[in-house]
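# Summary of structural features
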Amino acid sequence: MVGRFGKFGGQYVPETIMNALIELEDEFYKAINDKDFIDEYKYYLREYSGRPTPLYFARNLTERLGGAKIYLKREDLNHTGAHKINNVLGQILLAKRMGKRKVIAETGAGQHGVATATGAAMFDMECEIFMGEEDIKRQSLNVFRMKLLGAKVTPVKTGTGTLKDAVNEAIRHWVTNIDDTFYVMGSVVGPHPYPIMVRDFQRVIGDETREQILSKEKRLPDYIVACVGGGSNSMGIFYPFINDSSVKLIGVEAAGLGIDTDKHAATMAKGSIGVLHGMMTYLLQDDEGQIMPVYSISAGLDYPGVGPEHAYLRDTGRAQYVYATDEEALSAFMDLSQIEGIIPALESAHAVAYAMKLAPSLRKDDVIVVNLSGRGDKDVNTVANVLEVEL
Amino acid sequence: MLSSVEVNNARENRIDKKFNELKKKGRKALIAFITAGDPDIDITINLVYKMVEGGADIIEIGIPYSDPLADGPIIQASSTRALKKGVKIDDIMNAVKMIRQNTDVPLVYLVYYNSIYKYGMEKFLKSAKDSGVDGLIIPDLPLEERKDMKELSEKHDIYLIPLVAPTSNDRIKKICENGKGFVYCVSTKGVTGVRNSIETDIEKYMDLVSKYTDLPKAIGFGISGPEMAKKFAPYCDGIIIGSAIVKMINDSRNNDEIFDNVANFISSVKEVI
Ligand SMILES: Cc1ncc(COP(=O)(O)O)c(C=O)c1O
């Protein structure tokens, strides 16, 4: 079936947007098979976002842990500070190609909102970002950045006031403004074709990693570790390695205060199959299918679902999904800052935390690549709060 | 071959029967929506009776859901209130069963797909049928995803009401193919709510729907009251009103006021269609 990964994915959306999704799918495939489009996309990745990003050998961290070699894929060095821009440049160029002058997006941590506002500013498009009220509070720096870039930030008060509700509201806005508005989805979630499209615009992370590790180590890595909110940075780095069975793919979800509390976002560990935001996937929901409130210290992982292709990779056993708590992520955040001089995003710190657990158990010639999906500037307020430091 | 009249009489769906009756009288159906459990399930039950007394022809019962994508703020808030009260699907099934003992009004559920999926599709349909439900409206189950649901609902003899939108164009044909009950014609690009006006060229839109199907057509989303209902009635076979009723329930100060306000509103709309 189209738009399915096994049983996962699909298009569970109101009829009003079906024709728009069909058109989007059509235009997307035309675009990625058009050399001019791809050239333009690559041009902006290179000249505007600063790609390729380095694959940095974290020597200090590796030595400190005394196990496998740890490489960091430096998505934090992208323009705007996270991997989100890769996808945004692709979708904004597609919006331009389709003649759309208005773009909307949801955002959790604000990184996707900032990236979308950035793309919209460059291509002179009107931009509205939907963001949960709670997230607005904890990512105030990014809210201000979006405004500086000329975007309208619309607070979402419904539900839990986080990413899930921002997606609902963005979809509702899209249904209402379907003729002239392009929805720039921020992760490998939502109805088909978004999970495929976002993956294809993020796979540049994995394509580069492959080339870089082959040149540095003359072989493929043993492990690739990435954090999973909706799953775009992880899918981007996993995808080009899917057929290399020697490469273990590990997604790290947010365990918040612990997966046996009611304050976590570990969808794979605790979820069950259902339908949300137009896709069939694993969800944190109760027996009646009501979506449960989720929690993580990092706004970007605070999501009760996961991309449908991840659900498929999990069920087929191709990828493994683990989790890290707030505490572990914070500790990795501090460690990476102090040992390597790199302040990671709290989201990415979850991946670092798991890699730090894994590395000592491996041989010295094993290789782990950690996707450092973003930088931590946006999180300094949150961390200062936890440390009870006044800024 | 059995005479089709006999078969139809034996188990004519209440929805078909209602539209046939109304057609003979030259009247249009008033389809009234309320959220189950807002403000509580007993009031929901009594509201159904009051609405029927007031002239409602078909009752649409919303099963509250945490993430109602197709709904605007009024029904979202109503769902949230009902969920806070702790209303469960089985409570709603029981309420419907009770209602069914007292009235023959056609009853349809407005239910998001995840509620059915998680409850168990087969179990849901069986329970709905046993309770006396005649049809289902699933706003997030488009043509592409409805195959299993369509087969199962036919097996359990419950109508899966097809939905079309002003953006559907040539999809309308396929959507309405083998359709049952009526076609839910979404009036406008957008979510449910109470609107002052609707931009869609309703006449043209309904002409297009009629080109593809002989099913009765009901218009819903955004209809605020008698004035708008009267305006649209000539182009369709039914008018669906939800948010306006839900808002009225929430704005009322006590139960008596809820019943009076809603019953009066319903008759004021019914009078003009
Ligand atoms: C830096 C960073 N990493 C990861 C994520 C999680 O998203 P995804 O799982 O789609 O990569 C976010 C989302 O906001 C983010 O900002």
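Note: the structure precedes this text.
Each chain carries its own residue numbering, running from 1 in the direction its sequence is written. Here every chain gets a letter starting at A, and every ligand a number starting at 1, in the order they are written. The model is predicted, so local features are restricted to residues of pLDDT at least 70 and side-chain atom pairs to those at 80 or more, both for listing and for counting; the totals for chains, interfaces and linings are taken over all residues. Side-chain measures were taken over the full set of non-hydrogen atoms in the model, leaving aside hydrogen atoms and water.

## Quick look at the overall build of chain B
- Secondary structure elements are taken from DSSP: a helix is a run of H or I of four residues or more, a strand is a run of E of two residues or more, and numbering for both begins at the N terminus. A count of helical and extended segments in chain B gives 13 helices and nine strands.
- Taking 19 Å as the expected radius of gyration for a compact globule of 273 residues, we find that chain B reaches 17 Å, a close match to that expectation.
- Dimensions of chain B, computed from C-alpha atoms along their principal axes, come out at roughly 55 × 40 × 35 Å.
- With 273 residues in all, chain B has 60% of them scored as buried.
- Within chain B, counting contacts between residues at least 6 apart in sequence, those at least 24 apart form 72% of the total. The reference for a compact globule is 2.2 Å times residues^0.38; the radius of gyration itself is calculated from the C-alpha atoms. Exposed residues in this analysis have more than 50% of their type's maximum accessible area, buried residues have under 20%, and partly exposed residues fall in between, with area computed by a 1.4 Å probe over protein chains only. Note on contacts: a residue pair qualifies if any of its non-hydrogen atoms lie within 4.5 Å across the two residues.

## Some words on empty space enclosed by the protein
All names here are of chain A.
- Put plainly, a pocket is an open set of points on a 1 Å grid over the protein atoms alone with protein on both sides within 12 Å along at least five of seven lines, a cavity is a set where a 1.4 Å probe fits but cannot get out, and a lining residue has an atom within 4 Å of a point. Grid points are joined across faces, edges and corners, and a volume is the space filled by probe spheres set on the points. In the structure shown here, the tally under the stated rule is six cavities of 30 Å³ or more.
- For the largest cavity, the calculated volume is near 330 Å³.
- Lining the largest cavity are 33 residues, with His83, Lys84, Gly300, Leu301 and Glu347 positioned closest to its centre.
- Of the residues contributing to the lining of the largest cavity, the split by class is 10 nonpolar, 18 polar and five charged. Only Asp, Glu, Lys and Arg are considered charged in this grouping, and only Ala, Val, Leu, Ile, Met, Phe, Trp, Tyr, Cys and Pro are considered nonpolar; every other residue, Gly among them, is considered polar.

## A word on helix α8 (residues 147-155) of chain B
Residue and element names in this part refer to chain B.
- Residues of α8 that are buried: Met149, Lys150, Leu152 and Ser153.
- Those residues of α8 that are buried are in contact with α6 (113-119), α7 (121-131), β4 (135-137) and β5 (159-160).
- Where α8 ends, the next residue or the one after it, Asp157, has phi of about 60°, a positive value.

## Re the sheet that holds strand β3 (residues 55-57) of chain A
Residue and element names in this part refer to chain A.
- Taken in spatial order, the six strands of this open sheet run β3-β4-β14-β9-β10-β13, and their pairing is mixed. One side of each edge strand has no neighbouring strand; the edge strands of this open sheet are β3 and β13 (319-325). Between one strand and the next, the sheet's axes are offset by a mean angle of 30°, whatever the strand orientation.
- Pairing geometry for β3 and strand β4 (residues 69-74), over three bridges, is antiparallel. From the neighbouring strand, Tyr56 faces β4, where its bridge partner is Leu72.
- Packed on one face of the sheet, helix α10 (residues 204-217) meets β3, β4 and β14 (367-372) and runs near 140° to β4. One bridge is not enough; two strands pair if DSSP finds at least two bridges between them. The convention used is that axes are lines fitted to C-alpha atoms, helices contributing only their stretch in contact, and that angles between N-to-C directions extend from 0 to 180 degrees.

## Points about the packing of aromatic side chains
- Here a pair means two rings of Phe, Tyr or Trp (six-membered ring of Trp) with centres within 6.5 Å. Their orientation is stacked below 30 degrees between planes, edge-to-face above 60, and tilted elsewhere. Summed over the entire model, instances satisfying the criterion amount to 18 aromatic pairs over all chains.
- Both rings, one in Trp174 of chain A and one in Tyr194 of chain A, keep their centres 6.3 Å apart while their planes meet at 75°; by these two values the pair is edge-to-face. You can see Trp174 of chain A sitting in helix α8 (residues 163-176) and its partner Tyr194 of chain A sitting in helix α9 (residues 194-202), a full 20 residues away along the chain.
- Overall, Trp174 of chain A belongs to the buried group, its relative accessible area being 5%.
- Aromatic ring contacts, followed pair by pair, group Phe28, Tyr29, Phe37, Tyr41 and Phe201 of chain A into a single cluster.
- Throughout this description, the term charge over a ring refers to an Arg CZ or Lys NZ atom that lies within 6 Å of the ring centre and within 35 degrees of the ring normal. Sitting over the ring of Tyr239 of chain A, Arg199 of chain A keeps its end group 3.9 Å from the ring centre.
- A cation over a ring is seen here: Lys123 of chain B above Tyr119 of chain B, with NZ or CZ 4.2 Å from the ring centre.

That is the geometry; function is a separate question.
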